[in-house]
Amino acid sequence: MAARLLDGVSVATAIRAEVAPGVAGFTSKRGRPPGLGIVLVGNDPASEVYVASKLKSAGEAGLRADLHRLPAAASLADLMAIVDQLNENDACDGILVQSPLPEAMGVDAERRVFDAVRADKDVDGFHPINVGRLVQNRATLVACTPSGVIELLERSQIPIAGKRAAVIGRSDIVGKPMALLLLHRHATVTVCHSRTANLAHVVSDADIVVAAIGRPGFVTRDFIKPGAVVVDVGTTPVSDRATIERLFPPGSKRREAFERRGQLVVGDVHPDVAEVAGALSPVPGGVGPLTIALLLKNTLLAAQARASV
Ligand code: NAP
């Protein structure tokens, strides 16, 4: 039986509709909309697409979103100067520095920049203070993608409490906060990574599987307990034909899309998983739209929290 598809687009639309009255209320009370400052360094094509989409969505939601661009050759000091400016700007409630940063900025540039963003404007939820609050289950600003996964599960009436969950991936921006959010909702959580032994066997015990590794089609049906809920967070642009042919049969919609565009964004979950899972959040149309909806929500939350201090 084919898995029920979890519809990220409609959940994201619902969240945006809930954010709108809050934005309108804030704007009429404070005489200005909540403000979001986005910083983009360089011209990474994927980042350009993400940032354009964030700016568009923020504008549609009634937020004021400003883009601050730096050339790829900019120094870390140049970037820190913009972050400082946004930290000091009272009309800016949220700051987002788009990753990845150019490699030339140094291996620890991202961490240093995320640490420099004021915690109360950290709409990405990456600042150590916000991560610490998440650990203690008292966070306001939580990383957008894992928060989006929780919204998707809860609004799709998927029970979490008492379930076994496996999170594949342990990054600071997806895997770890995802595991904590599931734990706080009383799941029994296993966090898996590249050194996990017998990965498929470990994951096959789980009622809820979240895959966030960035390896196209890595999670195959032998990882999945029949009826389990599977959330695919992975988004890898693939232009290699052999990978596409391994995953998508001739005549399928995804294969046709590849033939048209020569590239496809592919998730971590093999399409065959739909035959064993009870529910599946697909790529595209699953978690992606939620990440942006949660960014809008976090910007409103940051603005409201700052205004109430
Ligand atoms: P990341 O920082 O590269 O982390 C990847 C994680 O996957 C690491 O913990 C790594 O383990 C683990 N991993 C890699 N290969 C593995 C394997 N063969 N078996 C088990 N674990 C393995 O990536 P990320 O930033 O968390 O992102 C993960 C994916 O989510 C990417 O495709 C990214 O594009 C996507 N993403 C999507 C959205 C969205 O809005 N939809 C947002 C954010 C990220 P180790 O720690 O042992 O190296």
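A quick note: this is a predicted structure, and the numbers were derived from the prediction, not measured.

Reading guide: rules and limits
- Residues numbered from 1 in each chain as written.
- Predicted model: local features only at pLDDT ≥ 70, side-chain atom pairs only at ≥ 80, totals over all residues.
- Heavy atoms only, no water.
- Near = heavy atom within 4 Å.
- Polar contact = N/O pair within 3.5 Å; in protein donor to acceptor, adjacent residues only side chain to side chain.
- Areas by Shrake-Rupley, 256 points an atom, 1.4 Å probe, with all protein chains shown as cover.
- Pairing = 2+ DSSP bridges.
- Helix = DSSP H or I, 4+ residues; strand = E, 2+ residues; numbered from the N terminus.
- Contact = heavy atoms within 4.5 Å.
- Axes fitted to C-alpha atoms, helices over the stretch in contact; angles between N-to-C directions.
- Phe/Tyr/Trp six-rings, centres within 6.5 Å; stacked < 30°, edge-to-face > 60°.
- Buried < 20%, exposed > 50% of the residue type's maximum accessible area, 1.4 Å probe, protein only.
- Core = buried A, V, L, I, M, F, W, Y, C linked by side-chain atoms within 4.5 Å.
- Domains from an automatic or database assignment.
- Parallel < 35°, antiparallel > 145°, perpendicular 65-115°, else oblique.
- Left-handed = near helix turned anticlockwise from the far one by under 90°.
- Nonpolar A, V, L, I, M, F, W, Y, C, P; charged D, E, K, R; others polar.
- Expected span 1.5 Å × (residues − 1).
- Arc of directions from axis to C-beta.

With respect to the site of the ligand
Inspection of the region around the ligand gives 20 residues, with R170, S171, S194, R215 and T291 positioned closest. Between the ligand and the protein, one listed contact pairs an oxygen atom with a side-chain N or O atom of R170 at 2.7 Å. Within the side chain of S171, a nitrogen or oxygen atom sits 2.5 Å from an oxygen atom of the ligand. Summarising the interface, the protein chains cover 71% of the accessible area of the ligand, which totals 930 Å² for the free molecule.

Let's talk about the sheet that holds strand β7 (residues 208-211)
Pairing is parallel in the open sheet, where six strands are placed in the order β1-β11-β8-β7-β5-β6. Sheet topology places β1 (4-5) and β6 (188-192) at the edges, where each strand pairs with a single neighbour. For strand β8 (residues 229-232) and strand β11 (residues 279-281), the ladder comprises three bridges, and the chain directions are parallel. Following the sheet pairing, V229 is matched in β11 by A279. Relative to β8, helix α6 (residues 144-155) is tilted by about 145 degrees, and along the sheet it contacts β7, β8 and β11. Helix α7 (residues 175-184) contacts β5 (164-168), β6 and β7 of the sheet and is inclined by roughly 170 degrees relative to β5.

Describing the packing of aromatic side chains
The tally for this structure, following the rule as stated, stands at two aromatic pairs. Ring geometry for F218 against F223: centres 5.8 Å apart, planes inclined by 65 degrees, an arrangement best described as edge-to-face. The class for F223 is buried, based on a relative accessible area of 7%.

Comments concerning the nonpolar core
The biggest cluster of nonpolar side chains holds 51 residues, and the ones touching the most others in it are V149, L153, L182, V210 and V233. For this core, the element with the highest residue contribution is helix α11 (residues 288-308), accounting for eight residues. Of all hydrophobic cores here, the second largest spans 21 residues; its members include V39, L76, V83 and I95.

Considering the domain arrangement of the protein
In terms of domain boundaries, the protein breaks down into domain 1 (32-118) and domain 2 (144-288). For domain 1 and domain 2, the distance between their C-alpha centroids amounts to 28 Å.

Let's talk about the packing of helix α3 (residues 76-88) against helix α4 (residues 109-116)
The geometry of α3 relative to α4 is characterised by a closest axis approach of 10 Å and an angle of 20 degrees between their N-to-C directions. One way to sum up the angle between α3 and α4 is to call them roughly parallel. Handedness of the crossing formed by α3 with α4: right-handed. The residues of α4 that touch α3, namely those facing L76, L79, M80, V83 and N87, are A109, R112, V113 and A116. Here the contact of α3 with α4 is built from residues that sort into seven nonpolar, one polar and one charged.

Structural notes on helix α2 (residues 45-60)
With 16 residues, α2 extends 23 Å from end C-alpha to end C-alpha; this agrees with the ideal 22 Å at 1.5 Å per step. For α2, the complete set of buried residues consists of S47, V51, K54, S57 and A58. Looking straight down α2, one finds its buried side chains confined to an arc of 130 degrees; they lie on one side. Facing away from the buried side of α2 by more than 90 degrees, the exposed set consists of P45, V49, K56 and E60. In this fold, the buried residues of α2 make contact with α1 (8-30), β2 (35-41), β3 (64-70), β4 (94-97) and α11.

Digging into unusual backbone geometry
In the segment running from S99 into P100, the intervening peptide bond is cis, with an omega of 5 degrees. Considering the arrangement of structural elements, one finds P100 in the loop between β4 and α4. Geometrically, the link from V283 to P284 is a cis peptide bond, its omega value of 0 degrees lying close to zero. Its location among the elements puts P284 in the loop between β11 and α11. Phi is positive for Q157, which is not a glycine, with a value near 55 degrees. The backbone of H186 sits at a positive phi, close to 70 degrees, despite the residue not being glycine. Structurally, the position occupied by H186 is in the loop between α7 and β6.

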